[in-house]
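Now for the letters of each chain:
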Amino acid sequence: MPKTMKKISLSFVSLFVFLSLCLFSFSAETPAPTKPAFQLTVQEEPQTALYKVGEKAVFKVGVDGVIPPDFKVHYAVQQGNQEKPSEEGDFTFTTETPTLTVEHLWEKPGFALLKITSPLLGDKPSLGGAGCEPEKIQPSLPKPSDFDSFWDEQKKSWDALPLEEVLTPVATTIPNIEVYSITMNNIQGSKIHGFFAKPKGAGPFPIVMCVNYAGIYSLNPNLVSNFASRGAISMDINPHDIENGQPPEYYKELGQKALLDWSHQGRESRETSYFLRMFSSCYRGGKYLTSRPEWNQKQFIVQGSSMGGGQSIVSAYLCPQITAFASNVPALCDHAGPVAGRLAGWPRWCAVKEGALDPKQLEASRYYDTVNFAYTIKAKALISNGFIDTTCPPSSVYAAFNVLAGEIEMMNLPLSGHEVKPEWTKKWNEFITAEAGLKP
């Protein structure tokens, strides 16, 4: 077995975070306001935004453009999940005082978020982020002793259910590929809905499976068509038991009724969680793809962002045939974060009751935490995090990353929130192209 490697790379983008400031709110019927005359800039020293315990993070905040009269801001630095900021205060920008300097002393590994608010900034604060020895961040709670046996039993029950896939041809203008919509049986009487594509011919071909971000929406065949045109068998799975290609009203009504607050449905028990069906669809999707006679029996890649990033990690655990995965700003990480003084990743599984996490929800969440899936994964991995991501905080991502057992690389994005950055897209494409042996 090759020696385990851990590699950390940094996206060296602009030194400044230019955050647009919206001075007015407006509807679709109201003309857009003129561009603001100023922007805040947040400069991090050093550019990596990474420090060691005992060092000080230094943020320098300035105004790009004309400083508004009496431009007062409030600043606060929050490390982990502390309610009280470690540093905070008020500052007035003038021509005599054009720069605000904020420092934060690192007493332990983790991440800190600088938040700047002002009436002139509206309801969107300006943010800066920094980290301290993130490779030392540990899971908030230990892995349950019966974690693996629980999921082994789930897979046995899933295997007893026939896939009974139905493939319906989809027209395409791309030569030499076949594209289909696909449905398959899933647990609890539900269905898996998605798109499937492959190059024409008997192969052998690698696999690229795509899993998706949170929301209620339709997929389209473009992604799998692209992978098929480059030489892969590919499937894109809708995270919900919903039809693709329906009018917007269909998805809107689901969000208001059957799928209202879906991410918290059944969260009191590991047997009733909404994510049980979703994780089953990842496993059964992989089972279908690896049963295809065209698969080359060698390369199986899975990829996704946000909730899809979390599902990528889960899939790599449930499907040992997966050889590599790419996970952008993954969700479903470190549900127990507040136990260790950190903010949990989306979907903030556990409600807080009397100052503590709901005990039943906390216990159930441990079986759906990517941290606990990560321990035994041997697949090669590319993962990213954004230092100003408040949806999937970088500490939650590192809690899972640090226990992975295979050859892994973290892409730090100090200037990023919860988004798909061009730097990630480039790195992601290079990674999947190399790992699956695809055409450029």
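Residues numbered from 1 in each chain as written. Predicted model: local features only at pLDDT ≥ 70, side-chain atom pairs only at ≥ 80, totals over all residues. Heavy atoms only, no water.

1. Section: the overall build of the chain
Inference 1: Check the secondary structure of the chain and you find nine helices and 21 strands.
Inference 2: The globule rule puts the C-alpha radius of gyration for 440 residues at 22 Å, and the 23 Å found for the chain is close to it.
Inference 3: Based on the C-alpha atoms only, the size of the chain along its principal axes is roughly 70 × 50 × 45 Å.
Inference 4: Put simply, the chain has 440 residues, and 53% of those count as buried. (Helix = DSSP H or I, 4+ residues; strand = E, 2+ residues; numbered from the N terminus. Rg over C-alpha atoms; globule rule 2.2 N^0.38 Å. Buried < 20%, exposed > 50% of the residue type's maximum accessible area, 1.4 Å probe, protein only.)

2. Considerations on unusual backbone geometry
Inference 1: A cis amide bond links E45 with the next residue in sequence, P46, at an omega value of 0 degrees.
Inference 2: In this fold, P46 is placed in the loop between β3 (38–45) and β4 (50–51).
Inference 3: A cis amide bond links W346 to the next residue, P347, at an omega of 15 degrees.
Inference 4: Mapped onto the elements, P347 comes out in the loop between β17 (324–328) and β18 (352–353).
Inference 5: Phi is positive for E133, which is not a glycine, with a value near 40 degrees.
Inference 6: Relative to the helices and strands, E133 is located in the loop between β10 (126–132) and α1 (147–159).
Inference 7: The phi dihedral of Q188 is positive, around 60 degrees, even though this residue is not glycine.
Inference 8: Assignment of secondary structure puts Q188 in the loop between β12 (177–185) and β13 (191–199).

3. A short note on helix α4 (residues 274–291)
Inference 1: Counted at 1.5 Å a residue, the expected span for α4 with its 18 residues is 26 Å, and the 27 Å between its end C-alpha atoms agrees.
Inference 2: Where burial is concerned, most of α4 is hidden: 16 out of the 18 residues are buried.
Inference 3: For α4, the side-chain oxygen to backbone nitrogen distance between the N-cap and F275 is 3.1 Å, and the N-cap itself is S273. (Expected span 1.5 Å × (residues − 1). Polar contact = N/O pair within 3.5 Å; in protein donor to acceptor, adjacent residues only side chain to side chain.)

4. Digging into the sheet that holds strand β6 (residues 71–79)
Inference 1: A sheet is described by the order of its strands in space; here five strands give the open sequence β4-β10-β9-β6-β7, paired in mixed fashion. In this open sheet, the two edge strands, each paired with only one partner strand, are β4 and β7 (87–93).
Inference 2: Pairing of β6 with β7, which is carried by seven bridges, proceeds in the antiparallel orientation. Its bridge partner lying in β7, V73 is registered against F91. (Pairing = 2+ DSSP bridges.)

5. Let's talk about empty space enclosed by the protein
If a probe the size of a water molecule is rolled over the atoms, the empty space left behind becomes visible.
Inference 1: With the rule as written, the count across this model stands at four cavities of 30 Å³ or more.
Inference 2: In this structure, the second largest cavity spans a volume of roughly 80 Å³. (1 Å grid on protein atoms, 1.4 Å probe; cavity = no way out; pocket = protein on both sides within 12 Å on 5 of 7 lines; lining within 4 Å. Points joined across faces, edges and corners; volume = space filled by probe spheres on them.)

6. A word on the packing of α1 against α4
Inference 1: Closest axis-to-axis distance for the α1/α4 pair is 11 Å, and the angle between their directions is 65 degrees. Between α1 and α4 the crossing geometry is right-handed. Listed contacts from α4 to W151, Q154, K155, W158 and D159 of α1 are L276, F279, S280, Y283, R284 and K287.
Inference 2: Residue classes in the contact of α1 with α4 are distributed as five nonpolar, two polar and four charged. (Axes fitted to C-alpha atoms, helices over the stretch in contact; angles between N-to-C directions. Left-handed = near helix turned anticlockwise from the far one by under 90°. Contact = heavy atoms within 4.5 Å. Nonpolar A, V, L, I, M, F, W, Y, C, P; charged D, E, K, R; others polar.)

7. Description of the side chain of E133
Inference 1: Taking the relative accessible area as the measure of exposure, E133 reaches 10% and is therefore buried.
Inference 2: Only 2.7 Å separates the side chain of E133 from the backbone nitrogen of V53, close enough to count as a polar contact.
Inference 3: Sequence-distant contacts of E133, that is, excluding residues within four places in its chain, are made with Y51, K52, V53 and P109.

8. Here's the deal with the pattern of salt bridges
Inference 1: Following the criterion strictly, the structure yields 18 salt bridges and no others.
Inference 2: Residue K426 is joined to E430 by a salt bridge in which the shortest nitrogen-to-oxygen separation is 2.7 Å. Taken together, the positions of K426 and E430, both in helix α9 (residues 422–436) and four residues apart, correspond to about one turn of that helix.
Inference 3: Connected through shared salt-bridge partners, D146, R270 and E271 make up one network. (Salt bridge = Lys/Arg side-chain N within 4 Å of Asp/Glu carboxyl O.)

9. Focus on helix α2 (residues 222–229)
Inference 1: If you check which residues of α2 are buried, you get V224, S225, F227 and A228. Buried residues of α2 fall within an arc of 165 degrees about the axis and therefore sit on the same side.
Inference 2: Packing partners of the buried residues in α2 comprise β12, β13, β14 (205–210), β15 (233–237) and α9.
Inference 3: Trailing α2 by a residue or two, G231 shows a phi angle of about 110 degrees, which is positive. (Arc of directions from axis to C-beta.)

10. What to know about the nonpolar core
Inference 1: One finds W151, F275, F279 and F325 to be the most contacted residues of the largest nonpolar core, which totals 77 residues.
Inference 2: Apart from the residues within four sequence positions on either side, F275 is in contact with W262, S263, M307, L332, W346, P347, W349 and Y368.
Inference 3: With 23 residues, the next largest nonpolar core counts V42, V73, I116 and L121 among its residues. (Core = buried A, V, L, I, M, F, W, Y, C linked by side-chain atoms within 4.5 Å.)

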